[in-house]
Every structure is written in structure tokens, then in C-alpha cells.
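# Fold and contact review
Spelled out from the first residue to the last, the chains are:
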Amino acid sequence: MQRRSWSYTIIVTVSWMVLVGMVLVGLPGPVSSAAAAAVHSSGPIPASSAASHDLPEGPWPPSSVLAADPATVPPPEGTVPSAPSAAVTPCPAASGVHSGAPGTGKTVALTFDDGPGASTPEIMSILTQAGVPATFFNIGVNESARPALVRREASRGFVLGNHTWSHPQMTGLSQSAQGTELDRASAEQAALVGRSPCLFRPPYGSYNSATLAAAAARQLAVWTWSVDTEDWKATSASSAWVNRIVSLGTAAGNLQHPVVLMHNAPGGNPATVSALPAIISYYHSHGFTFVDLSGGTAAPNPYGDFATDGWSDVLALQQGTGKVLLYPRTGVPFSAPAQASSGWADGWTATRLGDLTGDGRDDVLALDPSTGDLLLYPGSGTSLGARSQVGNGWNGMREITAVGDLGRDGNPDLVAVESSTGYLYRYPWSGSSFGSRIKIGQGWNAMDELTGAGDFDRDGYVDLLARQVSTNDLYLYRGLPSGFGPRLPVGNGWGDLRSLSGAGDYNRDGYTDLIAIEKSTGILKLFTGHADHFTAVTPIGNGWSGIVTLF
């Protein structure tokens, strides 16, 4: 294994000491959103006019953004050399400094610096449920500490950028030392996700001509921001701090292309997590299109995207064969099925629960009612892996349903109805098992076809759909921090439908959709979602009568 050279150890250690010294002598504090916008509202800054530029920004002290002392972290193998031809993944030629979100019309880019950190799973969950793309500027040292989160970011389709290896003040380093910072960060990311970044954000927004030259030599586009939430200053997730972050994060004024700066440092940014849904809602309601800094507008890969290609796939239990079939999508409609698993029984129920195993792939839970065992099938891209038991005594539960991150802790949750009482329980995933169940409703024996709807109404919380047995009306239960709020009718005459299943954003319009099988015809139908109702019903397949259930 390649080891760190003494020369690099000295460079990093000195940089670390220099940064601490800067704090002691009082480096200027962060500028306001308005000031940042004034500096960076007109597109790229030519390299010739950027001999030295500081856009002061936190967090302080410097050590608070690092998961470990860089001098103690072995460098990645296969460090990317400075020559562009040797880059792991070639990037488009880049020049200047950018701070306006790509695209035409009104576009907004949400960006997160200093990760991955304790709040990264929650941030990704909110973004995924809201269908919002984003860009994560990760620190190499922090990536080495939380590699599973980096892989999950990439598998969800988020854009990953270079935020240096150890978060130094770049203007205090030589061009060679700056290049080493970029190379090590790019190499770490390439080792984890198979490709190196094409975007770079200098720590603290500070750069000089040497920084731009080092970035250009590596085909890294340089990005700053135009809206600063100053979320790193928050000392708690109190309403005062959250409201301040929301206020600054939405202070775009007349900007047509704001780039919003937020953070996900190692220690976590709970106030940022609490503020994010309101920031998303603001830009949605003001007609902005969300983009990442590569110009992409596609929503993060939805839960159920087994191939991690940006499309939500469908799994189906085939009647009488014990086979689970995967119907992949690379567009509209579904492609021909392939066997994903075997050894199932017609009476089993199942649900897609997101990534439980930390490998960036979505997994499946199944309930065997004959034994009461709850079984975990890990996703592997095109099939389900060997199952393992994660629970027993579930005979008395029905309608097991994945609802996403209801508890807002970065982990997916399961809900289920207890047949004997009609109580609705939430089962939080703790990273390796389900925690103690929490009662969140009663009277649910009157409901069936429970379906996790994602963030159906785009308010930042996951929602639940369910059908009332006596009337065949479909209801939306809006998500709240503590469970689900009052229900809202969203459809009637649903008695001839079965196997309701969330389809992610099937038609790429920014809203989650629903699919179901029509009992009388075997036709698979798409119900196009739009905030609090369905706008259209479209047949998308036939011959589905031989399918027991969809998930």
C-alpha cells in the first residue's frame, strides 16, 4: 500500500498550524448573502481578474470541519497526477469562477460543504423525498472516515465536488501544495465511487491565481456561491436558528440563478436539516427549477431504483412460482422482466425500504406469515441477495410498508398495522436492526393498501396513502415530525384496484406517482401525482393478473 511521504506530512501539518494561527489573529468573518451576491452575480470571473480573492466563510475553528487530523490519515492510493491526461475521469475544460446556477429561466442550486458528516443521511433523505438534485463538496479526509455515505451520495445521483483534502486556506499555500490538496481529494473520491470530481469549491471561498491555475490544470470548474445561509454558526436546532437559516437561504432577491451554500460537517448540522424543507418549499413556490452544478435537473435516484440509473424500478411476486421478477426502467414504460429472487410464497408481503446495508443499493423486506419472520433481502443492482432474518413474531402484523425517513434521523422507517388492535406502529431502523416500535395511530383496521408515497405534497415530510375498506376511497396522510396528520381524500372508486405501489417520479415532472393493477382486466395503471391529487390515469401494461403483489 502506498504511504504518505514525509514531505506531504510536513505540508499538511504546517497547513493545520497556519489555519489555527489565522483563527487566533482574527480572520475576517463571513460576508452577508447580499455581499456575496454582489460579488458573484454576473457569472464566471475571468482568471485574469482573480489574482487574489477571499470570500470569508466559516466554519471556525478549522478543526471543526475535519473528522480527523489529516496527519493521521493515510493518503489514498493512486493519487491523481496534475497532468489532465492522467485524470481518473476526464472533465470538460474549465476556466474562471462560477456562482450562478446553470440553466435557463429561474434555476437554483443547493450545495453542501464539508461532508460527509452526521447530518448527511438526513439531508440526502429530504432531498430524495422532495425530488431535488444537489451538489456535495466533500473533504477528502472526511470521505475516508465515512466512505459508505460517499457511495450513497453517488448512488443516489447527487453530484460530488472537490473541497480539498484537509480544508486549508488555499491562498496560504504554494501552487504545488494547493495541487496536492486537490489531487488527494480527487483520488479519494475516485477510489470510493469510480470517478473523480469535475467541480471544486475552495475552502472559505478563498482563492488566488495559483488556486485557479491548479484547478484548471486538473480540469476542475471552480464554484463559489451567491446565497450564504451561515448555517455553520447555529449552536442548536432552535426555532430562532432555523428561522435565521431559512431567512438567509431564501434571500435571493432578484437573482435568477442563486447558488445556496449550506453545510454537513462531521459533527452534524441539525439546524440545517430542520431548515432545508422550508428552503426547498420557498424555491418551489417561487417558480425555480432545482439543478445541480453540472447542470442536471433530474431528481435524485428514487427509492426502488435497484439499477441506480435514475429510474424507479418495480419488483413483482409471480403467482404460483415463488419467483420475484424485476421490471427495470430505462425510460417509459417498464422493460422485460428478469428473475431477481426465488423461494417465495404467494402469501408473502414485501416492501422496498431503501438502503439498509450501507452499500448504496436499495433493499427489500419480506414478511413470511407462516412463521412470522421478517426477512431482509439486500439489493445488488439487478437482483436480490441472500436473505437474513431481522425480526420474528410478526404474525399479528399486516400492511408492512416502507414510508421513507419518517423520523428524520437519516434512516428509513417501516410502518405496520397490528391486526388485533388496529394500531398503526412505526418501526425505526437503527442502522443494523429495528428499534422499539412507536404507536402513531389507531383505527387502521378500516384501511388497507397502505403505500409509502414519498413526499407526495412536497412539504419536506414523507406521506402515506391508504384505502378505506368500506368506501374504497383513497386518502393521503400527510407526514409530520411525530407521525401523520389529518387525512385528505385524493380519490374514490378504487375498489377494482390492488397492489398499490409507489412509482417514484415516473414521468419526471417533480411529483411522486402511483401504480396499481386493475383486478378485472389485469391492466397496470399509472396514477400521475401532483401535490395533493392525481391528474391522470394511464394504462402502462397488460397481462398483470398473474402478479400477486408489487413492491
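Every value quoted in this text rests on a predicted model; they were computed, and no experiment measured them. (Residues numbered from 1 in each chain as written. Predicted model: local features only at pLDDT ≥ 70, side-chain atom pairs only at ≥ 80, totals over all residues. Heavy atoms only, no water.)

So, about the sheet that holds strand E18 (residues 388-391). Overall, antiparallel pairing links the four strands, which are arranged E15-E16-E17-E18 in an open sheet. Edge positions in the sheet fall to strand E15 (349-354) and E18, since each of these pairs with one other strand and no more. Strand-to-strand twist in this sheet, taken as the mean axis angle between neighbours without regard to direction, amounts to 35°. (Pairing = 2+ DSSP bridges. Helix = DSSP H or I, 4+ residues; strand = E, 2+ residues; numbered from the N terminus. Axes fitted to C-alpha atoms, helices over the stretch in contact; angles between N-to-C directions.)

Take the sheet that holds strand E12 (residues 314-318) next. Taken in spatial order, the four strands line up as E14-E13-E12-E31 in an open sheet, and their pairing is antiparallel. Lying at the two open borders of the sheet, with one neighbouring strand each, are strand E14 (338-341) and strand E31 (547-550). Going from strand to strand, the sheet's axes swing by 40° on average, the running direction of each strand aside. Across three bridges, strand E13 (residues 324-327) lies against E14 in antiparallel orientation. Bridged to Leu 325 within E14 is Gln 339.

Applying the stated criterion across every chain yields a total of twelve salt bridges. Between Arg 201 and Asp 113 there is a salt bridge, with its nearest N and O atoms 2.8 Å apart. Linking Arg 201 in the loop between strand E6 (199-200) and strand E7 (207-208) with Asp 113 in strand E3 (residues 107-115), this pair joins segments that are 88 residues apart in sequence. Pair check on accessibility: Arg 201 and Asp 113 agree, each one buried. With a closest N to O distance of 2.7 Å, Arg 244 and Glu 230 form a salt bridge. Of this pair, Arg 244 sits in helix H8 (residues 239-249) while Glu 230 sits in the loop between strand E9 (227-228) and H8, and the two are 14 residues apart along the sequence. We classify Arg 244 as partly exposed; its relative accessible area is 31%. When salt bridges that share partners are traced, they join Glu 230, Lys 233 and Arg 244 into one network. (Salt bridge = Lys/Arg side-chain N within 4 Å of Asp/Glu carboxyl O. Buried < 20%, exposed > 50% of the residue type's maximum accessible area, 1.4 Å probe, protein only.)

Attention shifts here to the packing of aromatic side chains. One pass over the structure, following the stated rule, counts 17 aromatic pairs. Ring centres of Tyr 283 and Phe 288 lie 5.1 Å apart, and the angle between their planes is 90°; this geometry places the pair in the edge-to-face category. This pair shows no difference in class: Tyr 283 is buried, exactly as Phe 288 is. Between Phe 527 and Phe 534 the ring centres are 6.0 Å apart and the planes differ by 70°, which places this aromatic pair in the edge-to-face class. Note on accessibility: Phe 527 and Phe 534 belong to one class, buried. An aromatic cluster is built from Trp 344, Trp 348, Tyr 377 and Phe 551, whose rings are joined through pairwise contacts. (Phe/Tyr/Trp six-rings, centres within 6.5 Å; stacked < 30°, edge-to-face > 60°.)

Here the focus is helix H6 (residues 175-193). Between its first and last C-alpha atoms H6 spans 27 Å; for 19 residues at 1.5 Å apiece the expected length is 27 Å, and the two agree. Most of H6 is tucked away: 15 of the 19 residues are buried. Just beyond H6, the residue with positive phi is Gly 194, at close to 85°. (Expected span 1.5 Å × (residues − 1).)

Before going further, it helps to spend a moment on the confidence of the model for the chain. As a note on interpretation, predicted positions should not be read in detail where pLDDT is low. Chain-level statistics for the chain give a pLDDT mean of 85 and a share of 86% at 70 or above. Every residue in residues 80-89 is under pLDDT 50, and counting partners more than four places away or in other chains gives 21 contacts. (pLDDT = per-residue confidence, 0-100. Contact = heavy atoms within 4.5 Å.)

This paragraph deals with the packing of H6 against helix H7 (residues 209-217). Packing of H6 against H7 brings their axes to within 9 Å, and their N-to-C directions diverge by 45°. Judged by the angle between their axes, H6 and H7 are oblique. Like other packed secondary-structure pairs, H6 and H7 cross with a definite hand, here right-handed. Residue-level contacts link Gln 175, Gln 178, Gly 179 and Leu 182 of H6 to Ala 210, Thr 211, Ala 213, Ala 214 and Ala 215 of H7. The class makeup of the residues in the contact of H6 with H7 is five nonpolar, four polar and no charged. (Parallel < 35°, antiparallel > 145°, perpendicular 65-115°, else oblique. Left-handed = near helix turned anticlockwise from the far one by under 90°. Nonpolar A, V, L, I, M, F, W, Y, C, P; charged D, E, K, R; others polar.)

The geometry of helix H3 (residues 120-130) relative to helix H5 (residues 147-155) is characterised by a closest axis approach of 11 Å and an angle of 10° between their N-to-C directions. In terms of orientation, H3 and H5 fall into the roughly parallel class. Residues Thr 120, Pro 121 and Met 124 of H3 form the contact with H5, whose own contacting residues are Leu 149, Arg 152 and Glu 153. Broken down by class, the residue content of the contact of H3 with H5 amounts to three nonpolar, one polar and two charged.

This next bit is on the nonpolar core. Counting residues in each nonpolar core, the largest one holds 35 residues, and the members touching the most others are Leu 110, Phe 112, Leu 127, Phe 136, Leu 276 and Ile 280. Those elements that provide at least two residues to this core are E3, H3, H5, H6, H8, strand E10 (259-263) and helix H9 (270-285). Considering every element that reaches this core, the biggest residue donor is H9, with seven residues. If we ignore the near neighbours within four places in the chain, the residues touching Ile 280 are Leu 110, Ile 126, Leu 127, Ala 130, Val 132 and Phe 290. (Core = buried A, V, L, I, M, F, W, Y, C linked by side-chain atoms within 4.5 Å.)

For the bond running from Gly 115 to Pro 116, omega is -5°, close enough to zero to count as cis. Along the chain, the position of Pro 116 falls in the loop between E3 and H3. Of note, Glu 230 is a non-glycine position whose phi angle comes to about 50°, a positive value. Looking at Glu 230, the relative accessible area reads 6%, which means it is buried.

Let us now look at the pairing of strand E23 (residues 447-454). Burial within E23 is extensive, with seven of its eight residues counted as buried. Of the strand pairs in this sheet, E23 and strand E24 (residues 463-468) are connected by five bridges, and their pairing is antiparallel. From the neighbouring strand, Thr 451 faces E24, where its bridge partner is Leu 465.

Among the structural elements, Arg 156 can be located in the loop between H5 and strand E5 (159-162). You can call Arg 156 buried: its relative accessible area is 5%. A polar atom in the side chain of Arg 156 sits 2.7 Å from the side chain of Asp 362. (Polar contact = N/O pair within 3.5 Å; in protein donor to acceptor, adjacent residues only side chain to side chain.)

The next subject is the environment of Asp 309. With respect to the element layout, Asp 309 can be found in the loop between strand E11 (289-291) and E12. When its relative accessible area of 33% is taken as the criterion, Asp 309 is described as partly exposed. Separated by 72 residues in the primary sequence, Asp 309 and Gly 381 place their C-alpha atoms 9.7 Å from one another. Contacts of Asp 309, omitting those with residues within four sequence positions, involve Asn 301, Arg 329 and Thr 330.

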